[in-house]
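Overview (structure and organization)
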Amino acid sequence: MSFFVFTCIGIAAGLLYMFLPLRHHMGVLAAIVLGGAGAWSGALLAATDSTYGWAQFGSLAAVGSVAGAIGAIAIIELAARWNADRSRA
């Protein structure tokens, strides 16, 4: 695994988010950037727990990459929804 794979995972997560039939509070570019940043941070965080650390990325880093991309997009979306609901009240 390499950072290119993690970047592709993040871009895919951002694009899949845009195809969900929901009300979106962020644009395409923001979703892709958040997905990429979340994928990298999730992979690096998951790789710290492995035997080789950051020297070799294995399947655990790929799982962390997917979880990080989805988690970053979900957290920002929830924060935007909370802010939108709060400003309406």
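This text follows the structure it describes.
Rules and cut-offs
Residues numbered from 1 in each chain as written. Predicted model: local features only at pLDDT ≥ 70, side-chain atom pairs only at ≥ 80, totals over all residues. Heavy atoms only, no water. Salt bridge = Lys/Arg side-chain N within 4 Å of Asp/Glu carboxyl O. Helix = DSSP H or I, 4+ residues; strand = E, 2+ residues; numbered from the N terminus. Buried < 20%, exposed > 50% of the residue type's maximum accessible area, 1.4 Å probe, protein only. 1 Å grid on protein atoms, 1.4 Å probe; cavity = no way out; pocket = protein on both sides within 12 Å on 5 of 7 lines; lining within 4 Å. Points joined across faces, edges and corners; volume = space filled by probe spheres on them. Expected span 1.5 Å × (residues − 1). Contact = heavy atoms within 4.5 Å.

Another aspect to go through is the pattern of salt bridges. Applying the stated criterion across every chain yields a total of one salt bridge. When the shortest N-O distance is used, the salt bridge between R81 and E77 registers 3.3 Å. Note that R81 and E77 are positioned in helix α3 (residues 59-88) at a spacing of four residues, about one turn of the helix. A residue is classified by how much of its surface remains accessible, and R81, at 32% relative accessible area, is partly exposed.

Over the atoms, a rolling probe the size of a water molecule traces out where space has been left empty. Of the pockets and cavities examined, the largest pocket occupies roughly 200 Å³. Among the elements that make up the lining of the largest pocket, the one with the highest residue count is α3 (six residues).

Bringing helix α2 (residues 28-47) into the picture now. Within an α-helix, residues lying three or four positions from one another point in the same direction, as the helix has 3.6 residues per turn. Between its first and last C-alpha, α2 extends 28 Å over 20 residues, near the 28 Å set by a 1.5 Å rise per residue. Every buried residue of α2 is listed here: A31, G35, G36, G38, A39, G42, A43, A46 and A47. Looking at the packing, one finds that the buried side of α2 touches α1 (3-19) and α3.

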